[in-house]
Amino acid sequence: MRLHLERLDIGHDCTIGRLSVDGDFECWTLEDPVRVGAKIPGQTAIPFGHYPLAITWSPRFKRDLPLLEYVRGFTGVRIHPGNYPTDTEGCILVGCEKAACSVLRSREAFDALFAKLVTAQKNGEQLAIDITR
C-alpha cells in the first residue's frame, strides 16, 4: 500500500497537506512547518522523501500506530490523531476536514486510515509513504 502526502500549504506556523492511499484521496494532514535543511525535533516537518511504514507499539500513546522508518537522524515519527500544531511534535496528524492551521474530525480520519493499513499489512503488502510538494 502506498500513501502519498502532498504538502499544499506550507506556512510559518504549520503545513497542510492532502493524503491519498493508492491514488485515492483519504484525508487532510497537518504537520509542523517545513524547514529547509536539518529537521528540528518536535518543531519542524520531516524532509520530503520516501519512507517505509511499520505498525509498531507507541509507548507514548500506549497503542499500535504507523511509524515512518529511516527518517535520517530521528526516531518515533508517527501518523496519529491530533488537531493543532502543538499536537504534532514533528509527526503527521490526519483529519477529515481542514481549517487554518488545524485538522478536524481527526480520530475519525485516523481510524479509517489505520484500518486500511492494518488490513494491507495482514495481506502481506509493504507499507510506504511518499512526501512531496
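Before reading on, note that the structure itself is shown above.
Worth saying up front: this structure is predicted, and the values here are computed from it rather than measured. (Residues numbered from 1 in each chain as written. Predicted model: local features only at pLDDT ≥ 70, side-chain atom pairs only at ≥ 80, totals over all residues. Heavy atoms only, no water.)

Bringing the pairing of strand E10 (residues 127-132) into the picture now. Burial of E10 is extensive: 5 of the 6 residues sit out of reach of the surface. Here strand E4 (residues 49-58) pairs with E10 via 5 bridges, running antiparallel. Looking at the pairing, Pro52 lines up with Ala128 of E10. (Buried < 20%, exposed > 50% of the residue type's maximum accessible area, 1.4 Å probe, protein only. Helix = DSSP H or I, 4+ residues; strand = E, 2+ residues; numbered from the N terminus. Pairing = 2+ DSSP bridges.)

Another point: unusual backbone geometry. The residue Lys62 is not glycine, and still its phi comes out positive at about 60 degrees. Turning to its location among the elements, Lys62 is positioned in the loop between E4 and strand E5 (63-68). A positive phi angle is found at Tyr70, which is not glycine, with a value near 60 degrees. The topology assignment puts Tyr70 in the loop between E5 and strand E6 (79-80).

Between the first and last C-alpha of helix H2 (residues 106-122) there are 24 Å, a value that for 17 residues agrees with the 24 Å anticipated at 1.5 Å per step. Ser106, Ala109, Phe110, Leu113, Phe114, Leu117 and Ala120 are the residues of H2 that are buried. Relative to the axis of H2, the buried residues are bounded by an arc of 125 degrees and lie together on one face. Facing away from the buried side of H2 by more than 90 degrees, the exposed set consists of Arg107 and Lys122. Remark: Gly124 follows H2 within two positions and exhibits a positive phi of approximately 85 degrees. (Expected span 1.5 Å × (residues − 1). Arc of directions from axis to C-beta.)

Let us look at the sheet that holds E10. Spatial strand order, E5-E4-E10-E1-E2-E3-E7-E6: 8 strands in an open sheet with mixed pairing. Taken across any chain shown, the strands that pair with only one partner, and hence form the sheet edges, are E5 and E6. Along the sheet, H2 makes contact with strand E1 (2-10), strand E2 (15-21), strand E3 (24-31), E4, E5, E6, strand E7 (92-95) and E10, crossing E5 at roughly 80 degrees. (Contact = heavy atoms within 4.5 Å. Axes fitted to C-alpha atoms, helices over the stretch in contact; angles between N-to-C directions.)

Moving on, we come to the packing of aromatic side chains. Within the structure shown, the criterion is met by 2 aromatic pairs. Measuring from ring centre to ring centre gives 5.4 Å for Phe110 and Phe114, while their planes differ by 20 degrees; the resulting arrangement is stacked. Placement of both Phe110 and Phe114 in helix H2 is noted, with a separation of 4 residues, approximately one turn of the helix. Across the pair, Phe114 and Phe110 agree in class, each one buried. (Phe/Tyr/Trp six-rings, centres within 6.5 Å; stacked < 30°, edge-to-face > 60°.)

Under the defined criterion, the tally for this structure stands at 1 disulfide. Between Cys14 and Cys101 runs a disulfide, and the two sulfur atoms are separated by 2.1 Å. Because the sign of the S-S torsion sets the handedness, a value of about -105 degrees for the bond joining Cys14 and Cys101 places this disulfide among the left-handed ones. Here Cys14 is found in the loop between E1 and E2, whereas its partner Cys101 is found in the loop between strand E8 (97-99) and strand E9 (102-104), with 87 residues between them in sequence. Taking the relative accessible area as the measure of exposure, Cys14 reaches 6% and is therefore buried. For Cys101, a relative accessible area of 26% corresponds to the partly exposed category. Lacking any disulfide linkage, Cys91 is separated from the closest cysteine sulfur, that of Cys27, by 15 Å. Cys96 forms no disulfide, and the closest cysteine sulfur to it belongs to Cys27, at a distance of 7.2 Å. (Disulfide = S-S within 2.5 Å.)

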